[in-house]
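If you want the building blocks of each chain, they are given just below.
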Amino acid sequence: MDEKDRKIISILQRNGKATLAEMAEEVGLSAMGVKKRLDKLEKEKIKITALLNVEKLKIITAIIAMEVENAEALKRLLKRFENCPRIIKFFVTTGGYNLFALIFAEDYHSLESVSIEKCSLRSQPGIRRYEIYPIQEIYYDSYLDIKVVADKSREIAPCGVFCGDCMRYEVKRCLGCPATKFYRGKL
């Protein structure tokens, strides 16, 4: 990556809708030159995506710290929740807690469900310890890569859980999985 690539990335980080002509003028290349560099960057080094402003949407975020007992349990857990729309990112670390997850929920009832129900990370085999830390404030940039599921026709969540018979869902203390037809949230 050279200076012109870094400049293109910087422009896109400031304004993801910048045109090729606008970038070309600032970088000092032709629009076609910027397009070729951008295509190469997208293949190898960057991803252009839409992010949601969690503060404006009043979405609750939380960090979950987990101690996973072994590599096999970690592998199973990561596979099961690979397509969970509530998980923004997983982070494997070293130390007492060896797995962290950044998650979202639309309200505190749903956040509680995500931490205690059968769809929760806490209830998975191989989790020794689990702590959840709701995030009170996000500094510098409140835009996060939250998965918005356009097709909500499925009955079974990506993690294999059926929201329709969940007691918390039935008494309206959970909004359901955003990837299913049961979802009652705002996304």
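Before reading further, recall that the structure is shown in the block above.
Quick look at the structure, then.

Cut-off values and rules
Residues numbered from 1 in each chain as written. Predicted model: local features only at pLDDT ≥ 70, side-chain atom pairs only at ≥ 80, totals over all residues. Heavy atoms only, no water. Helix = DSSP H or I, 4+ residues; strand = E, 2+ residues; numbered from the N terminus. Buried < 20%, exposed > 50% of the residue type's maximum accessible area, 1.4 Å probe, protein only. Contact = heavy atoms within 4.5 Å. Areas by Shrake-Rupley, 256 points an atom, 1.4 Å probe, with all protein chains shown as cover. Lys, Arg positive; Asp, Glu negative; His and termini not counted. Charge placed at Lys NZ, Arg CZ, Asp CG, Glu CD. Arc of directions from axis to C-beta. Polar contact = N/O pair within 3.5 Å; in protein donor to acceptor, adjacent residues only side chain to side chain. Pairing = 2+ DSSP bridges.

1. Points about the overall build of the protein
Here is step 1 of the chain: Across its full length, the protein carries 6 helices and 6 strands.
Here is step 2 of the chain: Listing every helix and strand of the protein by position from the N terminus yields α-α-α-β-β-α-β-β-α-β-β-α.
Here is step 3 of the chain: The principal-axis extent of the C-alpha atoms belonging to the protein is close to 60 × 35 × 30 Å.
Here is step 4 of the chain: Across the 187 residues that make up the protein, the buried fraction comes to 39%.
Here is step 5 of the chain: Of the contacts formed within the protein by residues at least 6 apart in sequence, a portion of 64% connects residues at least 24 apart.
Here is step 6 of the chain: Only carbon and sulfur atoms are counted for the fraction: they give 54% of the accessible area of the protein, which is about 11300 Å².
Here is step 7 of the chain: Side chains of the protein carry 33 positive and 26 negative charges; the gap between the two charge centres is 2 Å.

2. A few points about helix 4 (residues 71–80)
Here is step 1 of the chain: Considered for burial, the residues of helix 4 that qualify are A73, L74 and L77. Seen along its axis, helix 4 keeps its buried residues to an arc of 100°; they face one direction. Opposite the packed face of helix 4, turned more than 90 degrees from it, sit the exposed residues A71, K75 and K79.
Here is step 2 of the chain: The secondary structure elements touched by the buried residues of helix 4 are strand 2 (60–68), strand 3 (87–92), strand 4 (99–105) and strand 5 (127–134).
Here is step 3 of the chain: Capping of helix 4 at its N-terminal end is provided by N70; its side-chain oxygen lies 3.1 Å from the backbone amide nitrogen of E72.

3. Regarding the pairing of strand 3
Regular strands have side chains that alternate between both faces of the sheet.
Here is step 1 of the chain: Where strand 3 meets strand 4, 5 bridges bridge the pair, whose relative direction is antiparallel. By the bridge assignment, F91 is partnered in strand 4 with F100.
Here is step 2 of the chain: Here strand 3 hands over to strand 4 after 6 residues, with G95 in that stretch at a positive phi of 115°.

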